[in-house]
Amino acid sequence: RYGIDTKKPGMLYGAIANPPLHGQKLGKVDDTAALKVAGVVKVVSWPDKVAVLATNTYAAFKGQEALKITWQDPKVRERSDRLSQAFADAIANGTGETRRKVGDVERALGQADRVIEATYEVPFLPHAPMEPINMFADVKADSAHLLGPMQTPANGRRIASRILGIPEENITAEITRIGGGFGRRLKIDFVQDAVRASQLAGAPVNIVWKREEDMISGNFRPAGLYHYRAGIDAEGRLTAWHLNSASITSRGAVVPNNFPNGAIPHFQVDTHHVRSEVSTGAWRSPNHNVCALLDESFLEEVGHALGKEPLAFRLELLRQAETAPFGKVDYEPARLRGVLEAAAEMANWGNPPAGRFQGIAAHFSHHSYVGQVAEVSVTDGNLTVHKVHCAVDCGQVINLSSAENQCEGGIVDGIGAAWFGDMPIVEGASANTNFHTYRLIRMSEAPEVVTRFLKTDYPPTGLGEPALPPASAAVANAVFSATGVRIRKLPFIQNDLSA
(Lines give C-alpha, C1' and ligand atoms only; values in the text may rest on other atoms or scores of the structure.)
Protein backbone atom coordinates (compact mmCIF):
# COMPACT_ATOMS: atom_id res chain seq x y z
CA ARG A 1 0.00 0.00 0.00
CA TYR A 2 1.26 3.39 -1.00
CA GLY A 3 0.38 6.79 0.38
CA ILE A 4 -2.13 7.42 -2.39
CA ASP A 5 -4.07 4.32 -1.21
CA THR A 6 -4.80 5.88 2.20
CA LYS A 7 -8.46 5.84 3.26
CA LYS A 8 -9.61 6.82 6.75
CA PRO A 9 -13.08 7.37 8.26
CA GLY A 10 -14.34 10.92 7.65
CA MET A 11 -11.41 11.69 5.35
CA LEU A 12 -11.60 14.34 2.64
CA TYR A 13 -9.48 14.42 -0.52
CA GLY A 14 -7.64 17.62 -1.27
CA ALA A 15 -6.51 18.97 -4.65
CA ILE A 16 -3.86 21.66 -4.48
CA ALA A 17 -3.66 24.69 -6.78
CA ASN A 18 -0.02 25.70 -7.05
CA PRO A 19 1.09 28.83 -8.95
CA PRO A 20 1.14 27.98 -12.69
CA LEU A 21 4.27 30.06 -13.27
CA HIS A 22 7.52 30.01 -11.33
CA GLY A 23 7.67 32.87 -8.82
CA GLN A 24 3.98 33.75 -8.85
CA LYS A 25 2.16 34.64 -5.65
CA LEU A 26 -1.47 34.02 -4.74
CA GLY A 27 -3.82 36.92 -5.33
CA LYS A 28 -7.63 36.75 -5.25
CA VAL A 29 -9.57 33.48 -5.16
CA ASP A 30 -13.14 33.08 -6.42
CA ASP A 31 -14.38 29.65 -5.32
CA THR A 32 -18.05 30.11 -6.32
CA ALA A 33 -17.96 27.67 -9.24
CA ALA A 34 -15.76 25.20 -7.38
CA LEU A 35 -18.22 24.90 -4.52
CA LYS A 36 -20.97 23.99 -6.99
CA VAL A 37 -19.12 20.87 -8.16
CA ALA A 38 -20.80 17.73 -6.84
CA GLY A 39 -18.70 16.24 -4.02
CA VAL A 40 -16.79 19.42 -3.17
CA VAL A 41 -17.11 20.19 0.55
CA LYS A 42 -15.08 23.36 1.02
CA VAL A 43 -12.20 25.45 -0.31
CA VAL A 44 -9.39 26.57 2.02
CA SER A 45 -6.31 28.68 1.37
CA TRP A 46 -3.12 29.90 3.00
CA PRO A 47 -0.19 31.95 1.61
CA ASP A 48 0.35 30.97 -2.06
CA LYS A 49 -1.77 27.79 -1.92
CA VAL A 50 -5.42 26.85 -2.39
CA ALA A 51 -6.92 23.46 -1.59
CA VAL A 52 -10.25 22.13 -2.80
CA LEU A 53 -11.57 19.49 -0.40
CA ALA A 54 -14.02 16.86 -1.60
CA THR A 55 -15.35 13.38 -0.98
CA ASN A 56 -13.28 11.89 -3.81
CA THR A 57 -10.27 12.85 -5.91
CA TYR A 58 -12.28 13.36 -9.11
CA ALA A 59 -14.51 15.94 -7.45
CA ALA A 60 -11.48 17.63 -5.86
CA PHE A 61 -9.74 17.89 -9.23
CA LYS A 62 -12.83 19.19 -11.00
CA GLY A 63 -13.32 21.71 -8.23
CA GLN A 64 -9.74 22.86 -8.55
CA GLU A 65 -10.21 23.35 -12.28
CA ALA A 66 -13.32 25.50 -11.55
CA LEU A 67 -11.43 27.90 -9.28
CA LYS A 68 -10.90 31.41 -10.57
CA ILE A 69 -7.56 32.60 -9.22
CA THR A 70 -5.68 35.80 -9.84
CA TRP A 71 -1.94 35.19 -9.56
CA GLN A 72 0.57 37.99 -9.03
CA ASP A 73 3.47 37.75 -11.47
CA PRO A 74 7.14 38.04 -10.48
CA LYS A 75 9.17 40.95 -11.87
CA VAL A 76 10.59 38.71 -14.61
CA ARG A 77 9.09 35.61 -16.14
CA GLU A 78 11.91 33.11 -16.27
CA ARG A 79 13.13 31.59 -19.54
CA SER A 80 15.73 28.89 -20.16
CA ASP A 81 17.44 30.99 -22.85
CA ARG A 82 17.77 33.92 -20.43
CA LEU A 83 19.33 31.63 -17.85
CA SER A 84 21.79 30.17 -20.36
CA GLN A 85 23.00 33.65 -21.20
CA ALA A 86 23.14 34.62 -17.53
CA PHE A 87 25.25 31.53 -16.79
CA ALA A 88 27.68 32.42 -19.58
CA ASP A 89 27.89 36.04 -18.42
CA ALA A 90 28.55 34.99 -14.83
CA ILE A 91 31.37 32.69 -15.86
CA ALA A 92 32.90 35.32 -18.15
CA ASN A 93 32.52 38.35 -15.91
CA GLY A 94 31.41 37.43 -12.42
CA THR A 95 33.29 36.87 -9.22
CA GLY A 96 32.40 33.43 -8.00
CA GLU A 97 33.16 31.26 -5.01
CA THR A 98 36.22 29.01 -5.04
CA ARG A 99 35.18 25.59 -3.77
CA ARG A 100 38.54 23.82 -4.17
CA LYS A 101 42.01 25.19 -4.83
CA VAL A 102 45.33 23.38 -5.08
CA GLY A 103 48.38 25.15 -6.50
CA ASP A 104 48.05 28.10 -8.87
CA VAL A 105 45.75 27.24 -11.76
CA GLU A 106 45.94 30.54 -13.61
CA ARG A 107 49.73 30.58 -13.55
CA ALA A 108 49.89 26.96 -14.69
CA LEU A 109 47.43 27.59 -17.52
CA GLY A 110 49.41 30.67 -18.57
CA GLN A 111 52.59 28.61 -18.74
CA ALA A 112 50.99 25.61 -20.43
CA ASP A 113 52.11 24.46 -23.84
CA ARG A 114 48.48 23.70 -24.70
CA VAL A 115 45.15 24.59 -23.12
CA ILE A 116 42.15 22.38 -23.80
CA GLU A 117 38.72 23.96 -23.22
CA ALA A 118 35.15 22.71 -23.34
CA THR A 119 31.77 23.98 -22.17
CA TYR A 120 28.97 21.67 -21.06
CA GLU A 121 25.34 22.59 -20.40
CA VAL A 122 22.70 20.71 -18.43
CA PRO A 123 18.94 21.45 -18.20
CA PHE A 124 16.46 21.43 -15.36
CA LEU A 125 15.06 18.01 -14.54
CA PRO A 126 11.85 17.18 -12.67
CA HIS A 127 11.84 14.15 -10.38
CA ALA A 128 8.82 12.67 -12.17
CA PRO A 129 7.95 9.98 -9.60
CA MET A 130 5.34 7.50 -10.80
CA GLU A 131 3.21 7.92 -7.66
CA PRO A 132 1.70 11.42 -7.62
CA ILE A 133 2.57 13.64 -4.67
CA ASN A 134 0.23 12.90 -1.77
CA MET A 135 0.03 13.13 2.02
CA PHE A 136 -2.47 12.37 4.79
CA ALA A 137 -2.87 14.47 7.92
CA ASP A 138 -5.35 14.30 10.75
CA VAL A 139 -5.02 17.41 12.92
CA LYS A 140 -6.67 17.52 16.35
CA ALA A 141 -6.69 20.29 18.95
CA ASP A 142 -3.47 19.12 20.61
CA SER A 143 -2.11 16.35 18.34
CA ALA A 144 -1.67 15.31 14.74
CA HIS A 145 -1.18 12.11 12.76
CA LEU A 146 0.87 12.20 9.55
CA LEU A 147 0.85 9.28 7.13
CA GLY A 148 2.41 9.14 3.68
CA PRO A 149 5.41 8.75 1.37
CA MET A 150 7.92 10.97 3.17
CA GLN A 151 11.68 10.64 2.74
CA THR A 152 12.23 12.83 5.82
CA PRO A 153 9.55 12.05 8.43
CA ALA A 154 11.49 13.89 11.15
CA ASN A 155 11.31 17.08 9.09
CA GLY A 156 7.61 16.43 8.56
CA ARG A 157 7.00 16.29 12.30
CA ARG A 158 9.11 19.40 12.81
CA ILE A 159 7.21 21.52 10.29
CA ALA A 160 3.86 20.26 11.55
CA SER A 161 4.84 21.27 15.08
CA ARG A 162 5.83 24.71 13.87
CA ILE A 163 2.60 25.22 11.90
CA LEU A 164 0.28 23.93 14.60
CA GLY A 165 2.11 25.24 17.64
CA ILE A 166 2.06 21.87 19.42
CA PRO A 167 5.01 19.80 20.69
CA GLU A 168 6.66 17.34 18.31
CA GLU A 169 6.03 14.49 20.73
CA ASN A 170 2.30 15.02 20.12
CA ILE A 171 2.74 14.39 16.39
CA THR A 172 2.87 10.86 15.01
CA ALA A 173 4.57 10.34 11.63
CA GLU A 174 4.23 7.09 9.69
CA ILE A 175 5.82 6.24 6.34
CA THR A 176 3.99 4.34 3.62
CA ARG A 177 5.67 2.73 0.66
CA ILE A 178 6.98 5.38 -1.73
CA GLY A 179 6.20 5.14 -5.43
CA GLY A 180 9.41 6.92 -6.40
CA GLY A 181 11.18 9.55 -4.35
CA PHE A 182 14.51 10.40 -6.01
CA GLY A 183 14.89 13.38 -3.66
CA ARG A 184 11.49 14.91 -4.45
CA ARG A 185 10.00 13.62 -1.21
CA LEU A 186 12.89 14.99 0.81
CA LYS A 187 10.94 18.23 0.50
CA ILE A 188 8.10 18.76 2.94
CA ASP A 189 5.91 21.15 0.94
CA PHE A 190 3.27 18.44 0.50
CA VAL A 191 3.38 17.67 4.23
CA GLN A 192 2.66 21.34 4.92
CA ASP A 193 -0.23 21.17 2.44
CA ALA A 194 -1.83 18.25 4.27
CA VAL A 195 -1.32 19.75 7.72
CA ARG A 196 -2.74 23.13 6.79
CA ALA A 197 -5.67 21.64 4.86
CA SER A 198 -6.61 19.35 7.75
CA GLN A 199 -6.23 22.17 10.27
CA LEU A 200 -8.45 24.53 8.27
CA ALA A 201 -11.00 21.84 7.40
CA GLY A 202 -11.26 20.39 10.89
CA ALA A 203 -11.15 16.92 9.32
CA PRO A 204 -8.61 14.33 8.19
CA VAL A 205 -7.37 15.11 4.67
CA ASN A 206 -5.42 13.18 2.07
CA ILE A 207 -4.05 15.74 -0.38
CA VAL A 208 -3.18 14.57 -3.91
CA TRP A 209 -1.30 16.71 -6.41
CA LYS A 210 -2.18 16.27 -10.05
CA ARG A 211 0.82 15.35 -12.18
CA GLU A 212 0.79 18.81 -13.73
CA GLU A 213 1.12 20.45 -10.31
CA ASP A 214 4.32 18.56 -9.56
CA MET A 215 5.78 19.23 -13.01
CA ILE A 216 5.16 22.94 -12.44
CA SER A 217 6.32 23.21 -8.83
CA GLY A 218 8.45 20.17 -8.28
CA ASN A 219 11.84 21.50 -7.11
CA PHE A 220 13.97 20.60 -10.12
CA ARG A 221 17.54 19.48 -10.51
CA PRO A 222 19.38 22.77 -11.17
CA ALA A 223 20.25 23.80 -14.70
CA GLY A 224 23.83 24.93 -15.16
CA LEU A 225 26.78 25.76 -17.40
CA TYR A 226 30.23 24.22 -16.86
CA HIS A 227 33.39 25.57 -18.45
CA TYR A 228 36.50 23.39 -18.22
CA ARG A 229 40.12 24.25 -18.96
CA ALA A 230 43.06 21.86 -18.81
CA GLY A 231 46.72 22.79 -19.13
CA ILE A 232 49.24 20.50 -20.82
CA ASP A 233 52.96 21.18 -20.42
CA ALA A 234 55.66 20.75 -23.07
CA GLU A 235 56.25 17.16 -21.94
CA GLY A 236 52.62 16.19 -22.47
CA ARG A 237 51.65 16.13 -18.80
CA LEU A 238 48.31 17.30 -17.42
CA THR A 239 49.35 20.08 -15.04
CA ALA A 240 46.22 22.19 -14.55
CA TRP A 241 42.46 21.60 -14.24
CA HIS A 242 39.94 24.41 -13.82
CA LEU A 243 36.18 24.01 -13.62
CA ASN A 244 34.24 27.27 -13.67
CA SER A 245 30.50 26.73 -13.34
CA ALA A 246 27.29 28.71 -13.00
CA SER A 247 24.01 27.43 -11.60
CA ILE A 248 20.90 28.71 -9.81
CA THR A 249 21.81 26.94 -6.59
CA SER A 250 23.87 29.02 -4.16
CA ARG A 251 26.07 26.05 -3.26
CA GLY A 252 26.93 25.41 -6.89
CA ALA A 253 25.99 22.08 -8.50
CA VAL A 254 29.53 20.71 -8.33
CA VAL A 255 31.53 17.99 -6.57
CA PRO A 256 34.80 19.81 -5.91
CA ASN A 257 36.66 17.12 -3.97
CA ASN A 258 36.44 14.17 -6.34
CA PHE A 259 38.77 12.57 -8.90
CA PRO A 260 40.84 13.87 -10.72
CA ASN A 261 41.47 16.08 -7.69
CA GLY A 262 44.70 14.83 -6.12
CA ALA A 263 46.22 13.73 -9.42
CA ILE A 264 46.87 17.20 -10.88
CA PRO A 265 49.29 19.73 -9.32
CA HIS A 266 47.09 22.76 -10.07
CA PHE A 267 43.38 22.14 -9.52
CA GLN A 268 40.54 24.60 -8.95
CA VAL A 269 36.73 24.55 -8.90
CA ASP A 270 34.76 27.83 -8.96
CA THR A 271 31.01 28.36 -8.83
CA HIS A 272 28.73 31.28 -9.66
CA HIS A 273 25.20 31.78 -8.33
CA VAL A 274 22.59 33.07 -10.78
CA ARG A 275 19.31 33.91 -9.08
CA SER A 276 16.09 32.53 -10.52
CA GLU A 277 12.44 32.03 -9.56
CA VAL A 278 12.65 28.35 -10.50
CA SER A 279 12.74 26.19 -7.38
CA THR A 280 15.38 23.48 -7.13
CA GLY A 281 16.11 20.59 -4.83
CA ALA A 282 18.01 17.35 -4.44
CA TRP A 283 17.70 15.10 -7.48
CA ARG A 284 18.87 11.49 -7.21
CA SER A 285 22.58 11.45 -6.30
CA PRO A 286 22.65 15.24 -5.89
CA ASN A 287 25.32 17.07 -7.90
CA HIS A 288 27.08 13.76 -8.61
CA ASN A 289 24.42 12.95 -11.23
CA VAL A 290 25.78 15.80 -13.38
CA CYS A 291 29.40 16.10 -12.37
CA ALA A 292 30.34 12.46 -12.95
CA LEU A 293 29.22 12.82 -16.57
CA LEU A 294 30.99 16.13 -17.07
CA ASP A 295 34.25 15.32 -15.27
CA GLU A 296 34.56 11.91 -16.91
CA SER A 297 33.72 13.30 -20.35
CA PHE A 298 36.19 16.16 -20.15
CA LEU A 299 38.83 13.83 -18.74
CA GLU A 300 38.46 11.74 -21.89
CA GLU A 301 38.69 14.88 -24.04
CA VAL A 302 42.03 15.62 -22.41
CA GLY A 303 43.19 12.03 -22.74
CA HIS A 304 42.17 11.93 -26.38
CA ALA A 305 44.13 15.13 -27.05
CA LEU A 306 47.16 13.50 -25.43
CA GLY A 307 46.74 10.28 -27.35
CA LYS A 308 46.11 8.33 -24.13
CA GLU A 309 44.04 5.18 -23.93
CA PRO A 310 41.02 5.94 -21.66
CA LEU A 311 41.53 3.25 -19.02
CA ALA A 312 45.30 3.62 -18.94
CA PHE A 313 44.99 7.41 -18.58
CA ARG A 314 42.71 7.09 -15.56
CA LEU A 315 44.94 4.49 -13.92
CA GLU A 316 47.97 6.71 -14.46
CA LEU A 317 46.24 9.62 -12.73
CA LEU A 318 44.99 7.42 -9.90
CA ARG A 319 48.50 6.12 -9.24
CA GLN A 320 49.61 9.73 -8.84
CA ALA A 321 46.73 10.47 -6.45
CA GLU A 322 47.49 7.30 -4.51
CA THR A 323 51.26 7.58 -4.16
CA ALA A 324 51.96 11.33 -4.16
CA PRO A 325 48.71 13.30 -4.08
CA PHE A 326 48.55 17.00 -4.73
CA GLY A 327 46.58 18.52 -1.88
CA LYS A 328 43.97 16.79 0.25
CA VAL A 329 42.27 13.77 -1.27
CA ASP A 330 38.80 12.95 0.08
CA TYR A 331 38.42 9.59 -1.66
CA GLU A 332 40.59 6.45 -1.69
CA PRO A 333 42.34 6.23 -5.08
CA ALA A 334 43.11 2.52 -4.64
CA ARG A 335 39.43 1.67 -4.24
CA LEU A 336 38.46 3.76 -7.28
CA ARG A 337 41.21 2.03 -9.24
CA GLY A 338 39.85 -1.31 -8.04
CA VAL A 339 36.37 -0.81 -9.49
CA LEU A 340 37.81 0.54 -12.77
CA GLU A 341 39.98 -2.53 -13.22
CA ALA A 342 37.13 -4.86 -12.24
CA ALA A 343 34.67 -3.27 -14.67
CA ALA A 344 37.26 -3.43 -17.46
CA GLU A 345 37.83 -7.12 -16.75
CA MET A 346 34.10 -7.86 -16.68
CA ALA A 347 33.59 -6.16 -20.06
CA ASN A 348 36.72 -7.56 -21.72
CA TRP A 349 37.72 -3.93 -22.18
CA GLY A 350 39.12 -3.11 -25.60
CA ASN A 351 37.40 -6.09 -27.26
CA PRO A 352 33.70 -5.25 -27.56
CA PRO A 353 31.27 -7.52 -29.43
CA ALA A 354 31.09 -6.89 -33.17
CA GLY A 355 29.27 -3.68 -34.03
CA ARG A 356 29.44 -2.32 -30.49
CA PHE A 357 31.60 0.35 -28.90
CA GLN A 358 32.73 0.71 -25.31
CA GLY A 359 32.91 3.62 -22.89
CA ILE A 360 34.31 3.60 -19.38
CA ALA A 361 33.73 5.76 -16.30
CA ALA A 362 34.16 5.60 -12.53
CA HIS A 363 32.93 7.75 -9.69
CA PHE A 364 33.00 8.01 -5.90
CA SER A 365 29.85 9.14 -4.11
CA HIS A 366 28.08 8.48 -0.81
CA HIS A 367 31.20 6.68 0.44
CA SER A 368 31.02 4.04 -2.32
CA TYR A 369 33.03 3.43 -5.50
CA VAL A 370 31.52 2.38 -8.83
CA GLY A 371 33.20 1.64 -12.16
CA GLN A 372 31.22 0.95 -15.32
CA VAL A 373 31.72 -0.02 -18.94
CA ALA A 374 28.86 0.64 -21.36
CA GLU A 375 28.39 -1.10 -24.72
CA VAL A 376 26.52 0.91 -27.35
CA SER A 377 25.87 1.05 -31.06
CA VAL A 378 24.73 3.99 -33.17
CA THR A 379 22.86 3.36 -36.42
CA ASP A 380 21.74 6.26 -38.62
CA GLY A 381 22.13 8.56 -35.63
CA ASN A 382 20.00 6.35 -33.36
CA LEU A 383 21.57 5.22 -30.09
CA THR A 384 21.18 1.75 -28.60
CA VAL A 385 22.63 1.00 -25.17
CA HIS A 386 23.11 -2.74 -25.12
CA LYS A 387 24.84 -3.55 -21.86
CA VAL A 388 26.44 -2.00 -18.78
CA HIS A 389 29.07 -3.82 -16.73
CA CYS A 390 29.08 -2.43 -13.20
CA ALA A 391 31.75 -3.05 -10.52
CA VAL A 392 30.99 -1.81 -7.01
CA ASP A 393 32.95 -1.35 -3.81
CA CYS A 394 30.34 -0.45 -1.20
CA GLY A 395 31.87 -2.34 1.68
CA GLN A 396 30.14 -5.46 2.93
CA VAL A 397 26.94 -6.32 1.07
CA ILE A 398 24.16 -7.26 3.47
CA ASN A 399 21.29 -8.01 1.07
CA LEU A 400 22.57 -9.08 -2.35
CA SER A 401 19.30 -8.96 -4.29
CA SER A 402 18.47 -5.50 -2.93
CA ALA A 403 21.98 -4.30 -3.72
CA GLU A 404 21.69 -5.55 -7.31
CA ASN A 405 18.30 -3.88 -7.58
CA GLN A 406 19.73 -0.54 -6.44
CA CYS A 407 22.49 -0.72 -9.04
CA GLU A 408 20.25 -1.76 -11.91
CA GLY A 409 17.65 0.88 -11.10
CA GLY A 410 20.28 3.59 -10.68
CA ILE A 411 21.93 2.77 -14.00
CA VAL A 412 18.66 2.76 -15.95
CA ASP A 413 17.54 5.96 -14.22
CA GLY A 414 20.85 7.73 -14.86
CA ILE A 415 21.01 6.76 -18.52
CA GLY A 416 17.35 7.61 -19.14
CA ALA A 417 17.60 11.04 -17.54
CA ALA A 418 20.73 11.95 -19.52
CA TRP A 419 19.32 10.50 -22.73
CA PHE A 420 15.86 12.11 -22.68
CA GLY A 421 15.40 14.34 -19.63
CA ASP A 422 14.70 18.04 -20.18
CA MET A 423 12.50 20.70 -18.62
CA PRO A 424 12.64 23.97 -20.56
CA ILE A 425 11.21 27.06 -18.88
CA VAL A 426 9.20 29.23 -21.29
CA GLU A 427 7.81 32.59 -20.13
CA GLY A 428 7.84 31.43 -16.55
CA ALA A 429 6.14 28.11 -17.21
CA SER A 430 7.39 24.53 -17.25
CA ALA A 431 7.22 23.40 -20.87
CA ASN A 432 6.51 19.76 -19.97
CA THR A 433 3.50 19.15 -17.76
CA ASN A 434 2.97 15.38 -17.98
CA PHE A 435 4.39 12.20 -19.48
CA HIS A 436 2.93 12.90 -22.91
CA THR A 437 5.78 15.40 -23.41
CA TYR A 438 8.28 14.54 -20.65
CA ARG A 439 10.13 11.55 -22.05
CA LEU A 440 11.23 8.67 -19.82
CA ILE A 441 13.39 5.74 -20.85
CA ARG A 442 11.28 2.77 -22.02
CA MET A 443 11.69 -0.86 -21.10
CA SER A 444 12.84 -1.69 -24.64
CA GLU A 445 15.59 0.93 -24.31
CA ALA A 446 16.94 -0.20 -20.94
CA PRO A 447 20.29 -2.02 -21.17
CA GLU A 448 21.21 -5.36 -19.72
CA VAL A 449 23.08 -4.72 -16.46
CA VAL A 450 25.68 -7.04 -14.99
CA THR A 451 26.87 -6.15 -11.49
CA ARG A 452 29.81 -7.42 -9.46
CA PHE A 453 30.43 -6.46 -5.84
CA LEU A 454 34.06 -6.44 -4.79
CA LYS A 455 34.70 -8.48 -1.66
CA THR A 456 35.99 -6.25 1.09
CA ASP A 457 36.14 -5.87 4.84
CA TYR A 458 35.04 -2.24 4.74
CA PRO A 459 31.75 -1.47 6.51
CA PRO A 460 28.61 -1.04 4.37
CA THR A 461 28.23 2.31 2.63
CA GLY A 462 25.69 3.99 0.34
CA LEU A 463 24.14 2.21 -2.63
CA GLY A 464 20.88 3.95 -3.54
CA GLU A 465 22.83 6.73 -5.27
CA PRO A 466 26.35 5.65 -6.37
CA ALA A 467 25.51 3.51 -9.43
CA LEU A 468 23.65 6.35 -11.15
CA PRO A 469 26.38 9.00 -11.75
CA PRO A 470 28.91 7.02 -13.85
CA ALA A 471 26.25 5.37 -16.04
CA SER A 472 25.57 8.35 -18.29
CA ALA A 473 29.30 9.10 -18.43
CA ALA A 474 30.13 5.58 -19.62
CA VAL A 475 27.43 5.82 -22.31
CA ALA A 476 28.59 9.28 -23.45
CA ASN A 477 32.17 8.04 -23.75
CA ALA A 478 30.97 5.01 -25.69
CA VAL A 479 29.04 7.30 -28.04
CA PHE A 480 32.25 9.20 -28.71
CA SER A 481 34.01 5.92 -29.51
CA ALA A 482 31.20 5.01 -31.90
CA THR A 483 30.72 8.35 -33.65
CA GLY A 484 33.46 10.81 -32.74
CA VAL A 485 30.71 13.08 -31.35
CA ARG A 486 31.41 14.49 -27.90
CA ILE A 487 28.12 15.17 -26.11
CA ARG A 488 28.44 18.51 -24.35
CA LYS A 489 24.77 19.41 -23.97
CA LEU A 490 22.12 17.30 -22.33
CA PRO A 491 19.95 15.48 -23.09
CA PHE A 492 21.68 13.08 -25.49
CA ILE A 493 18.65 13.01 -27.79
CA GLN A 494 19.16 16.65 -28.75
CA ASN A 495 22.60 15.87 -30.22
CA ASP A 496 23.20 14.81 -33.82
CA LEU A 497 24.89 11.42 -33.55
CA SER A 498 25.01 10.77 -37.28
CA ALA A 499 28.60 12.05 -37.63
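Our subject is the structure listed above.
What you are looking at is a predicted structure, and each value in this text was computed from that prediction instead of being measured.

Q: An account of the overall build of the protein chain is needed here, citing residue identities and associated values.
A: Helix and strand content of the protein chain: eleven helices and 20 strands. Its C-alpha atoms give the protein chain a radius of gyration of 25 Å, within 12% of the compact-globule value 23 Å for 499 residues. Viewed in the frame of its principal axes, the protein chain has a C-alpha envelope of about 75 × 50 × 50 Å. Classification of the 499 residues of the protein chain by burial places 57% in the buried group.

Q: Any chance you could break down the sheet that holds strand S7 (residues 114-122) for me, citing the residues and the numbers?
A: Sheet architecture is open: five strands sit in the order S6-S14-S13-S12-S7, paired in mixed fashion. Of all the strands in the sheet, just strand S6 (97-102) and S7 have a single pairing partner and so form its edges. Ignoring strand direction, the axes of neighbouring strands in this sheet form an average angle of 10°. Most of the contacts of helix H7 (residues 288-306) go to S7, to which it runs at about 150°, and overall it touches S7, strand S12 (224-232) and strand S13 (238-247).

Q: I'd like a description of the pairing of strand S17 (residues 382-393), backed by residues and values.
A: S17 sits mainly inside the fold: nine of its twelve residues count as buried. Sheet topology places strand S16 (residues 368-379) next to S17; eleven bridges connect them, and they run antiparallel. When the bridges of S17 are listed, Gly371 appears paired with Ala391. In this structure, the hairpin formed by S16 and S17 is closed by a connection of two residues, where Asp380 is found at a positive phi of approximately 50°.

Q: Lay out the pairing of strand S15 (residues 357-365) in plain terms, naming residues and giving numbers.
A: Of all the nine residues making up S15, eight are buried; the element is thus mostly covered by neighbouring parts of the structure. Counted along the chain from S15 to the antiparallel partner S16, the turn is two residues long, and its residue His366 has a positive phi close to 50°.

Q: Describe unusual backbone geometry, with residues and values.
A: Comment: phi is negative for the bulk of residues other than glycine, and the bulk of peptide bonds are trans. For the peptide bond that leads from Phe259 to Pro260, omega is 15°, which places it in the cis range. By secondary structure assignment, the location of Pro260 is in the loop between S13 and strand S14 (266-273). In the segment running from Leu490 into Pro491, the intervening peptide bond is cis, with an omega of 0°. Looking at the secondary structure, you find Pro491 in the segment after helix H11 (469-483). With phi around 50°, Glu427 is a residue other than glycine that occupies positive phi space. Position of Glu427 relative to the elements: it lies in the loop between strand S18 (425-426) and strand S19 (429-430).

Q: Quick rundown of the pattern of salt bridges? Include the residues and the values.
A: In the structure shown here, the tally under the stated rule is 31 salt bridges. Here Arg237 and Glu235 are joined by a salt bridge, their closest N and O atoms 3.3 Å apart. Using a relative accessible area of 46% as the deciding quantity, one classes Arg237 as partly exposed. Classification of Glu235 by relative accessible area gives exposed; the value is 62%. Arg314 serves as the salt-bridge partner of Glu300, at 3.1 Å between the closest nitrogen and oxygen. Here the residue Glu300 occupies a position in helix H7, and Arg314 occupies one in helix H8 (residues 310-323), the gap between them amounting to 14 residues. Residue classification places Glu300 among the buried positions, given a relative accessible area of 9%. Connected through shared salt-bridge partners, Glu296, Glu300, Arg314 and Arg486 make up one network.

Q: Can you lay out the sheet that holds S17 for me, pointing to particular residues and giving the numbers?
A: Across the sheet, four strands lie side by side as S15-S16-S17-S20; this open sheet has mixed pairing. The outermost strands of the open sheet, each flanked by one partner alone, are S15 and strand S20 (448-453). Taken over all neighbouring pairs, the strand axes of this sheet differ in orientation by 20° on average, direction set aside. In this fold helix H9 (residues 333-346) packs onto S15, S16, S17 and S20, with an angle of close to 130° to the strand it touches most, S17.

Q: Could you give an account of H11, with specific residues and numbers?
A: Between its first and last C-alpha, H11 extends 22 Å over 15 residues, near the 21 Å set by a 1.5 Å rise per residue. Summarising burial for H11: 13 of the 15 residues are buried, a large majority. Following H11 by one or two positions, Gly484 adopts a phi angle in the positive range, close to 80°.

Q: Give a detailed account of the side chain of Lys49, specifying residues and quantitative values.
A: Looking at the secondary structure, you find Lys49 in strand S4 (residues 49-54). Reaching out from Lys49, the side chain makes a polar contact with the side chain of Asn18 at a distance of 3.2 Å. At 2.9 Å, the side chain of Lys49 and the side chain of Asp193 are in polar contact. Residues contacting Lys49, with those up to four places away along its chain left out, are Ile16, Ala17, Asn18, Leu26, Asp193 and Trp209.

Q: Give a detailed account of the packing of aromatic side chains, specifying residues and quantitative values.
A: Summed over the entire model, instances satisfying the criterion amount to nine aromatic pairs. Judged by centre distance (5.8 Å) and plane angle (80°), the ring pair of Tyr120 and Tyr228 falls under edge-to-face. Of the two residues, Tyr120 sits in strand S7 while Tyr228 sits in strand S12, which places them 108 residues apart along the sequence. An identical accessibility class is assigned to Tyr120 and Tyr228; each is buried.

Q: Account for the nonpolar core, with residues named and values stated.
A: By size, the foremost hydrophobic cluster in this structure holds 84 residues, and its most contacted members are Tyr226, Phe298, Val302, Leu383, Ile415, Val475 and Phe492. Per element, the largest residue contribution to this core is eight residues, and it comes from H7. Beyond its immediate stretch of four places on either side in the chain, Val302 contacts Ile116, Ala230, Ile232, Leu238 and Phe313. Ranked by size, the runner-up nonpolar core spans 30 residues in total, among them Ala160, Phe190, Val191 and Val205.

Here is what the cut-offs are and how they apply
Residues numbered from 1 in each chain as written. Predicted model: local features only at pLDDT ≥ 70, side-chain atom pairs only at ≥ 80, totals over all residues. Heavy atoms only, no water. Helix = DSSP H or I, 4+ residues; strand = E, 2+ residues; numbered from the N terminus. Rg over C-alpha atoms; globule rule 2.2 N^0.38 Å. Buried < 20%, exposed > 50% of the residue type's maximum accessible area, 1.4 Å probe, protein only. Pairing = 2+ DSSP bridges. Axes fitted to C-alpha atoms, helices over the stretch in contact; angles between N-to-C directions. Contact = heavy atoms within 4.5 Å. Salt bridge = Lys/Arg side-chain N within 4 Å of Asp/Glu carboxyl O. Expected span 1.5 Å × (residues − 1). Polar contact = N/O pair within 3.5 Å; in protein donor to acceptor, adjacent residues only side chain to side chain. Phe/Tyr/Trp six-rings, centres within 6.5 Å; stacked < 30°, edge-to-face > 60°. Core = buried A, V, L, I, M, F, W, Y, C linked by side-chain atoms within 4.5 Å.

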